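So the chains spell out like this:
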Amino acid sequence: METVEAVYENGVLKPKKKLNIPEGSEVRVKIIPRRISERAFGVVKLSKEEIEGIIEAIEDEW
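Thresholds applied
- Residues numbered from 1 in each chain as written.
- Predicted model: local features only at pLDDT ≥ 70, side-chain atom pairs only at ≥ 80, totals over all residues.
- Heavy atoms only, no water.
- Helix = DSSP H or I, 4+ residues; strand = E, 2+ residues; numbered from the N terminus.
- Buried < 20%, exposed > 50% of the residue type's maximum accessible area, 1.4 Å probe, protein only.
- Pairing = 2+ DSSP bridges.
- Salt bridge = Lys/Arg side-chain N within 4 Å of Asp/Glu carboxyl O.
- Patch = residues over 30% accessible without salt bridge, like charges linked within 9 Å, V, L, I, M, F, W, Y side chains within 5 Å.
- Areas by Shrake-Rupley, 256 points an atom, 1.4 Å probe, with all protein chains shown as cover.
- pLDDT = per-residue confidence, 0-100.
- Contact = heavy atoms within 4.5 Å.

Enquirer: Any chance you could break down unusual backbone geometry for me, citing the residues and the numbers?
Expert: In this model, Asn-10 sits at a positive phi of 50°, which is unusual for a non-glycine residue. Mapped onto the elements, Asn-10 comes out in the loop between β1 (6–9) and β2 (12–15). A relative accessible area of 78% means that Asn-10 is categorised as exposed.

Quick look at the structure:
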């Protein structure tokens with residue numbers, strides 16, 4: 001089993017790295033979207049923990 005990051009573009013999942021499997025292989029894919037805090041980290045000047053705290057506070061209000 002291997003975990004690979006991919007990007008979804010034009011209806012196709014594109015792995016970010018070359019896969020070590022034969023061409024035409026069938027695989028099972030489990031979609032796990034990245035958390036907002038992971039996508040925002042580095043874009044804003046806050047730590048991952050601070051971003052998660054803000055998100056949790058917003059979710060608690062909803």
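Enquirer: Give a description of the pairing of β1 that names residues and reports values.
Expert: Both β1 and β2 contribute to a ladder of four bridges, which runs antiparallel. Each bridged residue has a counterpart across the sheet, and for Ala-6 the counterpart in β2 is Pro-15. Adjacent in sequence and paired antiparallel, β1 and β2 are bridged by two residues, among which Asn-10 carries a positive phi angle near 50°.

Enquirer: Let's hear about the pattern of salt bridges: which residues, and what values?
Expert: Summed over the entire model, instances satisfying the criterion amount to three salt bridges. With its nearest N and O atoms 3.5 Å apart, the salt bridge here joins Lys-16 to Glu-5. Taken together, the residues Lys-16 in the loop between β2 and α1 (36–40) and Glu-5 in the segment before β1 connect sequence positions eleven residues apart. For Lys-16, a relative accessible area of 52% corresponds to the exposed category. Between Glu-9 and Lys-14 there is a salt bridge, with its nearest N and O atoms 3.2 Å apart. When its relative accessible area of 35% is taken as the criterion, Glu-9 is described as partly exposed.

Enquirer: Now, about a nonpolar patch on the surface: what can you tell me, with residues and values included?
Expert: There is a patch of nonpolar side chains on the surface, built from Tyr-8, Leu-13, Leu-19, Ile-21, Val-27, Val-29 and Ile-31 and spanning about 680 Å² of accessible area. Assignment of secondary structure puts Leu-19 in the loop between β2 and α1.

Enquirer: Tell me about the confidence of the model for the protein chain, residues and numbers included.
Expert: Interpreting fine coordinate detail is not advised for predicted regions of low pLDDT. Averaged over all residues, the pLDDT of the protein chain is 80; the fraction at 70 or higher stands at 77%. For the protein chain, α1 is the element with the lowest average pLDDT, namely 59, and β2 is the one with the highest, namely 92.

Enquirer: I'd like a description of the environment of Glu-5, backed by residues and values.
Expert: What makes Glu-5 partly exposed here is its relative accessible area of 49%. For the pair Glu-5 and Pro-15, spaced ten residues apart in sequence, the C-alpha separation works out to 5.9 Å. Every residue in contact with Glu-5, bar those within four places of it in the chain, is listed here: Pro-15 and Lys-16.

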